[in-house]
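Structural description and commentary
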Amino acid sequence: MNRHIFTSAVIFLVFFFVGAQPQISFNGYLDADFWSDLEGALFTNSELDLGLFVKFTEKVSANVYATVLSANSGSGRGFIPGGNGMPQERWVNVAFDGFDITYKSPLGTFSVGDLVYQFGTFNYYLYKRLSMITEESFTRGIKYEIQKGNYSQSILTGVADLNESTGDVMAVSGFDFSDDNSLYISYGIRGDVKSSFKTGSDLFMGGSYNSSIGSMISLKADFGYSNISGENRKNLFTILFEPSLEVNQFTTDLTFYMLFDPDSANNLNDPLFGIPDEFLVYIEPGYKLTDKAKFGLPLEFHGAELDNNDDNSFWVVPTFYLFPSENVQWLLWGMVTVAVQKNISSEDLSYGLGSEIIVSF
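Presented here is a report on the structure given in the accompanying data block. (Residues numbered from 1 in each chain as written. Predicted model: local features only at pLDDT ≥ 70, side-chain atom pairs only at ≥ 80, totals over all residues. Heavy atoms only, no water.)

Here we come to the overall build of the chain. The number of helices and strands found in the chain is two helices and 20 strands. Relative to the compact-globule value of 21 Å for 361 residues, the chain shows a C-alpha radius of gyration of 22 Å, a close match. Considering only C-alpha atoms, the chain reaches an extent of 70 × 50 × 45 Å along its principal axes. Residue pairs in contact within the chain that sit at least 24 positions apart in sequence constitute 50% of those at least 6 positions apart. For the chain, the computed accessible surface area is about 19,700 Å², with 61% contributed by carbon and sulfur atoms. When the 21 basic and 43 acidic side-chain charges of the chain are each reduced to a single mean position, those positions are 8 Å apart. (Helix = DSSP H or I, 4+ residues; strand = E, 2+ residues; numbered from the N terminus. Rg over C-alpha atoms; globule rule 2.2 N^0.38 Å. Contact = heavy atoms within 4.5 Å. Areas by Shrake-Rupley, 256 points an atom, 1.4 Å probe, with all protein chains shown as cover. Lys, Arg positive; Asp, Glu negative; His and termini not counted. Charge placed at Lys NZ, Arg CZ, Asp CG, Glu CD.)

Across 12 bridges, the pairing between strand β11 (residues 217-228) and strand β12 (residues 234-247) is antiparallel. Note on β12: the bridge partner recorded for Ile 228 is Lys 234. Between β11 and β12, which follow one another and run antiparallel, lie five residues, and Gly 230 among them has a positive phi close to 155°. In this structure, β12 lies alongside strand β13 (residues 250-260), joined through nine bridges in antiparallel fashion. Counterpart to Phe 241 in the pairing with β13 is Phe 256. Taking the residues between adjacent antiparallel strands as the criterion, β12 and β13 are bridged by two residues, where Asn 248 takes a positive phi near 55°. (Pairing = 2+ DSSP bridges.)

A few words now on the pattern of salt bridges. Using the criterion set out here, one finds 12 salt bridges in the structure. The closest approach of N and O atoms between Asp 31 and Lys 128, which form a salt bridge, is 2.9 Å. With Asp 31 in strand β1 (residues 23-36) and Lys 128 in the loop between β5 (108-121) and β6 (131-148), this pair connects stretches of sequence that are 97 residues apart. With a shortest N-O distance of 2.8 Å, Lys 128 and Glu 356 are connected by a salt bridge. Of this pair, Lys 128 sits in the loop between β5 and β6 while Glu 356 sits in strand β20 (residues 349-360), and the two are 228 residues apart along the sequence. For the pair shown, Lys 128 and Glu 356 are each scored as buried. Bridged by salt links that share partners, the residues Asp 31, Lys 128 and Glu 356 form one connected network. (Salt bridge = Lys/Arg side-chain N within 4 Å of Asp/Glu carboxyl O. Buried < 20%, exposed > 50% of the residue type's maximum accessible area, 1.4 Å probe, protein only.)

Before going further, it helps to spend a moment on a nonpolar patch on the surface. A grouping of Tyr 187, Met 205, Phe 223, Phe 237, Ile 239 and Phe 260 is seen on the molecular surface, where their side chains present a nonpolar patch of about 500 Å² in accessible area. Its place among the elements puts Ile 239 in strand β12. Residue Ile 239 is classed as partly exposed on the basis of its relative accessible area, which comes to 33%. (Patch = residues over 30% accessible without salt bridge, like charges linked within 9 Å, V, L, I, M, F, W, Y side chains within 5 Å.)

This part takes up the side chain of Ser 131. Looking at where Ser 131 falls in the secondary structure, it is placed in strand β6. At 3.2 Å, the side chain of Ser 131 and the side chain of Gln 118 are in polar contact. Once residues within four sequence positions are removed from consideration, Ser 131 is found in contact with Gln 118, Phe 119, Gly 120, Thr 121, Phe 122, Glu 136, Phe 273 and Ile 275. (Polar contact = N/O pair within 3.5 Å; in protein donor to acceptor, adjacent residues only side chain to side chain.)

Here's what the structure looks like:
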């Protein structure tokens, strides 16, 4: 899985079908940072997602995907943003993420190939690549979608990228009540055909609600439920509430996240969904200095384990945003974190200083 595979796939799609005179376009997302803990350690992290879209006819198109991710390095520490990526491991190979072919028919849209789903994504900057209903999941199979007025339905089934015996069946029901008011309900099962349902099948269900009032107020709310396989099946509940407010030059963003774990399904050493917090409150008041610059002051409370007050921490992360052009951001930030306890000393404080660039195209 390297850049040679990706290049070969591109050449195949472009030239094998050259007689069809396809329309070709690219899209991508780049996120790269460097930062220091101000104790002598320097870190670099990056992610580049690339997509190639080839339109052969009004009904037939294809996509090819690739990723350059510093977390794929030897240490695996380079998660974006704010990971502990080692500068000498900055250069990693292109990873081939797959391809699919899409056919639009009067009966609906069919996609065949490598399909991705992810529900309950965060707006919160540190978890912007994570989600709390399902993690980003990859399936090779078939997907069917249909749209009828304000209602949409999709269903996906295929082979998961875990082992030779695990498959996915997943569906989404969407309701667009208006241009500014929608609800999407997702549900599915990931099961191992060599195991019993009790020990080899995980279930999930979740909902994502989005609404806005003019350009001032927007709201995103998500809830998730997981039923996890094992000798004793376990239940897990998650909620995510992310409103935002904009009045003239002033902005406010909020994230409230909580994981309820009545059956002790979550392992803090390898947390579910990749989220190291079971409780999070984040609020960022901001002020737009100009159309090209903004200042924000994130204030954050993190709780790694919901029932344990000894692992709580409070963060202050002043951030200066620059917007040189549309779809281009440069962030300069500092950070002070403190362990929440009765007697706080200088040993309970930690610091950070860094820079991040984000580009989408």
